[in-house]
Amino acid sequence: MRQVLTLRFVAAIAALALLAVGVDAVFASADQQGSLAIAGPSNRDADGNVIERRIDVVESARSITRSEDFEIGPDGRTVGVLDAVLDEAGLRVLRVAPGTPGEISCGDIALPDRCVVLADVLGEAVVWFAILPKAPRETVEFPPIVDLQEGYALFENGWEIPYPPVIDRDSDEGGSCAGEDIPSFSDFLRRFGPNSTTIVDLETRQVSQVRCGGEYVPPAEVEEYDGDLDATFVPPSTSIVPLIDPDVEAPDG
């Protein structure tokens, strides 16, 4: 059972309430230029623990508009309104209401088809969102995978997304894992996981490939000394080294 169900439900009700009373938004013009890169602490709770985010929406944004007062506050929640258009006709629009936790790392948010929208939704309400830069060939890059459980890839930042029966390990000639003997995915996670990059396909909305970074070298273990370091130095009883007579033979045996 997901631990954040109650928080998700409360956030969804709050978002629906704001929409019900009519949240008015003045959106930025479509030809607005510039970049926006905001990262908020949206993946950790008040105690600093990672929050699990099962991602329901992975879509390329045709366009993104935001109200003039839009920002992500120090608490990782939005101020203002953001709308992401997900199709050419403009019929599918994902609205992020004020007070929604999220993060933005796409610097070309004002340009069409440059960003990917991720969202954790409950019904029609966005519970959490992220906007990432779009990668080549209709993909998006995710952080390292830490585990595979019940059909979902689990990421170090708490994100969860489906994976296929076979995950390509970029081992073809010229690939990041070329020449590496990686017999299993668990071996990949052990040796390359912490420094790897995950590729998610926007058509299937699943993990399609993992790419090797530098091989992970675990830090050396340091044993703690449990004794008393307040010792007293005791000098030797004599500092005179006895002379050895070279004519004396060593005893047999």
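Values in this document were obtained by computation on a predicted structure and should not be read as measured data.

Q: Requested: an account of the state of the cysteines, with residues and values cited.
A: Going through the model one piece at a time under the given rule, you end up with 2 disulfides. Residue pairing for Cys-106: its cysteine sulfur links by disulfide to Cys-115, the two sulfurs lying 2.0 Å apart. In this structure, the disulfide formed by Cys-106 and Cys-115 twists by about -70 degrees around the S-S bond and is classed as left-handed. Of the two residues examined, Cys-106 and Cys-115, each falls in the buried class. Residue Cys-177 pairs covalently with Cys-212 via a disulfide, S to S 1.9 Å. With the S-S dihedral at roughly 110 degrees, the linkage between Cys-177 and Cys-212 falls on the right-handed side.

Q: Requested: an account of the environment of Ser-208, with residues and values cited.
A: The residue Ser-208 is located in strand 16 (residues 206-211) in this model. Given the relative accessible area of 28%, Ser-208 is considered partly exposed. Considering only alpha carbons, one finds Ser-208 and Pro-164, 44 residues apart in sequence, at a separation of 7.3 Å. Aside from chain neighbours lying at most four places away, what touches Ser-208 is Ile-167, Asp-168, Ile-199, Val-200 and Asp-201.

Q: Any details on the sheet that holds strand 7 (residues 93-96)? Residues and values, ideally.
A: Two modes of strand pairing occur in sheets, parallel and antiparallel, and in both the strands are linked by backbone hydrogen bonds. Spatial ordering of the open sheet is given by 3-6-7, a layout of 3 strands whose pairing is antiparallel. If you trace the sheet from one side to the other, it starts and ends with strand 3 (63-66) and strand 7, each paired once. Going across the sheet, the axis of each strand differs from the next one's by a mean of 15 degrees, ignoring polarity. Relative to strand 6 (residues 82-85), strand 3 runs antiparallel, the two being bridged by 4 bridges. Across the sheet, Ser-63 pairs through a bridge with Val-85, a residue of strand 6.

Q: Which residues make up the packing of aromatic side chains, and what values do they have?
A: This structure, assessed with the given rule, holds 5 aromatic pairs. Taking the centre distance of 5.2 Å and the plane angle of 70 degrees together, the rings of Phe-142 and Trp-159 count as edge-to-face. Of this pair, Phe-142 sits in strand 11 (residues 139-142) while Trp-159 sits in strand 14 (residues 159-162), placing them 17 residues apart in sequence. Looking at Trp-159, the relative accessible area reads 3%, which means it is buried. Here a set of aromatic residues connected by ring pairs shows up, and it is made of Trp-128, Phe-142, Phe-155 and Trp-159. Against the face of Tyr-152 rests Arg-54, its NZ or CZ located 3.8 Å from the ring centre.

Thresholds, definitions, all that
- Residues numbered from 1 in each chain as written.
- Predicted model: local features only at pLDDT ≥ 70, side-chain atom pairs only at ≥ 80, totals over all residues.
- Heavy atoms only, no water.
- Disulfide = S-S within 2.5 Å.
- Buried < 20%, exposed > 50% of the residue type's maximum accessible area, 1.4 Å probe, protein only.
- Helix = DSSP H or I, 4+ residues; strand = E, 2+ residues; numbered from the N terminus.
- Contact = heavy atoms within 4.5 Å.
- Pairing = 2+ DSSP bridges.
- Axes fitted to C-alpha atoms, helices over the stretch in contact; angles between N-to-C directions.
- Phe/Tyr/Trp six-rings, centres within 6.5 Å; stacked < 30°, edge-to-face > 60°.
- Lys NZ or Arg CZ within 6 Å of the ring centre and 35° of its normal.

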